[in-house]
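If you want the building blocks of each chain, they are given just below.
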Amino acid sequence: MKVNDLDNPSWQFSIASTVEEVEQLRNFWEKECGHPNYDIDFFLAVINSRKEIVRPFVIILYENEQPKSGLVGRIEDIELRLSIGYKVLFKPKARSLTLVYPSIIGNDSAMYIKALFKELILTIKKNEVDIICLNSINVDSELYRLATSSLSFFNRDNFPETSLHWRGSLGASYDDFCKSKSKNTRHNLKRYSLLLEKNYPDRVRVENFNSVDKIDQFFKDTKRIADLTYQRGIGTGFDDTKEMRNLVKLSIEKGWFIGNIIYVDNNPCAFWNGIIYKNIFYTWTTGYNPGFSKDHPGMYALVKILQKVHEIKTARDIDFGFGDAKYKRDLVDQSWNEASMYIFPLKIKSIYLNIIIMIFKCISLAGSSFLKKTKLWDKVRKKWRNKLI
């Protein structure tokens, strides 16, 4: 059902809250979607894979009966993981309206986003949610401005968590890609990419997984590596779940998926995978056996996946996704800041969650600020990660 906008008679809003209502948006969605994370089939695969998801929640703004812009999300029951460093200390439960990265579909002009945000806030006042989760919002966007400056102290997240997002050109070939880098980066690419083969002559094998028939082997061997990484210790990274299997299978069937596993003596050593979607290669998950760390298997896996992407010749750019890392800074030259944050309805449980989250964030920020000032940040972080392996 469409609801008229009182400020603009040519605008209407609708909320798709069932799979069937989402399917009715397919033509608009497929035309406007620019990122695999909220491709309509990806979105529905996630909805159908997670038991904690209650339903879709997609607000669409229509102008003169035509869909123009929207916010893509879902209602779900979540467990907030509140931590100091990598140690999770408190896990309160909440019902969340989670916006799916990159949140906005269609026209992202300020006038549309302002109207959608206003409708979102009005809707949650009538809804059962305890919290709204906004994931990795561009800090230069209208949505970020509204979420940080148009709400009261108790409604907004007063300490958004920011990180860099890196992207760059792939060039016409792998050789061209390397030539565009600094002398030091070219040297490291060549040196570290050869180290594994040098230390294990005739014992290294690269296998590409792009067939549904090989999906069981892909998950078995990738999980063997992922279970050894520090990401597993903090509950992130690759895992063999129903959702991941559905997404990988879907990506293979659509011809998007590139997945490499590196073997030494037929034992899985490292992996790197990603998706080519609308001429951009999006890296997905990666990891390596820490027992091979002196051989730089992660760099070897990166070089091999880049060579494979260039061999396919359909991607123009590479997107390294969320978070900062030295290899990203060395290999690409475009970046922007993104922030993850919450919005809290004015009700007792939500205000309580806001206060608790604020306390944890203040402690974490003070601790990390002290460690960075004393130049202990990298040392402490490395030691903490090693304890998780």
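No experiment lies behind these values; they were computed from the predicted model shown.

Here is what the cut-offs are and how they apply
Residues numbered from 1 in each chain as written. Predicted model: local features only at pLDDT ≥ 70, side-chain atom pairs only at ≥ 80, totals over all residues. Heavy atoms only, no water. Helix = DSSP H or I, 4+ residues; strand = E, 2+ residues; numbered from the N terminus. Buried < 20%, exposed > 50% of the residue type's maximum accessible area, 1.4 Å probe, protein only. Contact = heavy atoms within 4.5 Å. Areas by Shrake-Rupley, 256 points an atom, 1.4 Å probe, with all protein chains shown as cover. Lys, Arg positive; Asp, Glu negative; His and termini not counted. Charge placed at Lys NZ, Arg CZ, Asp CG, Glu CD. Phe/Tyr/Trp six-rings, centres within 6.5 Å; stacked < 30°, edge-to-face > 60°. Expected span 1.5 Å × (residues − 1). Axes fitted to C-alpha atoms, helices over the stretch in contact; angles between N-to-C directions. Parallel < 35°, antiparallel > 145°, perpendicular 65-115°, else oblique. Left-handed = near helix turned anticlockwise from the far one by under 90°. Nonpolar A, V, L, I, M, F, W, Y, C, P; charged D, E, K, R; others polar. Core = buried A, V, L, I, M, F, W, Y, C linked by side-chain atoms within 4.5 Å. Salt bridge = Lys/Arg side-chain N within 4 Å of Asp/Glu carboxyl O.

So, the overall build of the chain
Okay, step 1: Counting its regular elements, the chain contains 14 helices and 15 strands.
Okay, step 2: Summarising its shape, the C-alpha atoms of the chain cover approximately 70 × 50 × 40 Å along the three principal directions.
Okay, step 3: Counting over 389 residues, the chain shows a buried share of 49%.
Okay, step 4: Considering only residue pairs separated by 6 or more positions, the chain has 72% of its internal contacts joining residues 24 or more positions apart.
Okay, step 5: Accessible surface, the chain: about 19,500 Å² in total, of which carbon and sulfur atoms supply 52%.
Okay, step 6: Put simply, the chain has 59 plus and 46 minus side-chain charges, and the middle of one group is 8 Å from the middle of the other.

Some remarks on the side chain of Thr283
Okay, step 1: As for its placement among the helices and strands, Thr283 is situated in strand S13 (residues 280-288).
Okay, step 2: Using a relative accessible area of 16% as the deciding quantity, one classes Thr283 as buried.
Okay, step 3: Beyond its immediate chain neighbours, meaning those up to four positions away, Thr283 contacts Trp272, Asn273, Gly274, Ile318, Asp319 and Phe320.

Quick look at the environment of Gly34
Okay, step 1: Its location among the elements puts Gly34 in the loop between helix H2 (26-32) and helix H3 (40-49).
Okay, step 2: Taking relative accessible area as the criterion, Gly34 reaches 40% and is therefore assigned partly exposed.
Okay, step 3: A C-alpha to C-alpha distance of 9.1 Å links Gly34 and Gly106, two positions 72 residues apart in sequence.
Okay, step 4: Not counting chain neighbours up to four residues away, the residues in contact with Gly34 comprise Tyr277 and Tyr282.

Remarks on the packing of aromatic side chains
Okay, step 1: If you walk through the whole model with that rule in mind, you get 18 aromatic pairs.
Okay, step 2: For the ring pair Trp29 and Phe43, a centre distance of 5.3 Å and an interplane angle of 40° mean the geometry is tilted. Of the two residues, Trp29 is situated in helix H2 and Phe43 in helix H3; the sequence distance between them amounts to 14 residues. Here Trp29 matches Phe43 in class, with each residue buried.

Quick notes on helix H8 (residues 215-226)
Okay, step 1: Its 12 residues place the ends of H8 16 Å apart at the C-alpha level, agreeing with the 16 Å of an ideal helix rising 1.5 Å per residue.
Okay, step 2: All of the buried residues along H8 are Ile215, Phe218, Phe219, Asp221, Thr222, Ile225 and Ala226.

Notes on the packing of H3 against helix H10 (residues 242-253)
Okay, step 1: Interhelical geometry of H3 versus H10 gives an angle of 155° and a closest axis separation of 9 Å. Considering the angle they form, H3 stands roughly antiparallel to H10. The two elements H3 and H10 meet at a crossing, and its hand is right-handed. In this structure, H3 contributes Asp41, Phe42, Ala45, Val46, Asn48 and Ser49 to the contact, and H10 contributes Lys242, Glu243, Asn246, Leu247, Leu250 and Ser251.
Okay, step 2: Split into classes, the residues belonging to the contact of H3 with H10 amount to 5 nonpolar, 4 polar and 3 charged.

A closer look at the nonpolar core
Okay, step 1: In terms of nonpolar packing, the biggest core is built from 32 residues, with Leu196, Phe281, Leu302 and Phe320 touching the most fellow members.
Okay, step 2: Those elements giving two or more residues to this core turn out to be helix H6 (174-179), helix H7 (183-199), strand S11 (257-264), strand S12 (267-277), helix H11 (297-312) and strand S14 (317-322).
Okay, step 3: With 8 residues, H11 is the largest single contributor of residues to this core.
Okay, step 4: The contact partners of Leu302, leaving out residues within four places of it in the chain, are Trp272, Phe320, Tyr327 and Leu331.

Observations regarding H11
Okay, step 1: With 16 residues, H11 extends 23 Å from end C-alpha to end C-alpha; this agrees with the ideal 22 Å at 1.5 Å per step.
Okay, step 2: Three or more residues of H11 are buried, namely Pro297, Gly298, Met299, Tyr300, Ala301, Leu302, Val303, Ile305, Leu306, Val309 and His310.

As for the pattern of salt bridges
Okay, step 1: Evaluation of the coordinates by the stated rule reveals 29 salt bridges.
Okay, step 2: For the salt bridge of Arg50 with Glu243, the shortest nitrogen-to-oxygen distance reads 2.5 Å. Note that Arg50 is positioned in the loop between H3 and strand S3 (53-63) and Glu243 in helix H10, a separation of 193 residues in sequence.
Okay, step 3: The partner of Arg316 in a salt bridge is Asp317, with the nearest N and O atoms 3.5 Å apart.
Okay, step 4: Arg316 gets classed as partly exposed once you look at its relative accessible area, which sits at 47%.
Okay, step 5: The buried category is assigned to Asp317, whose relative accessible area is 13%.
Okay, step 6: Residues joined by salt bridges that share partners form a network here, namely Glu23, Arg26, Glu30, Asp41 and Lys254.

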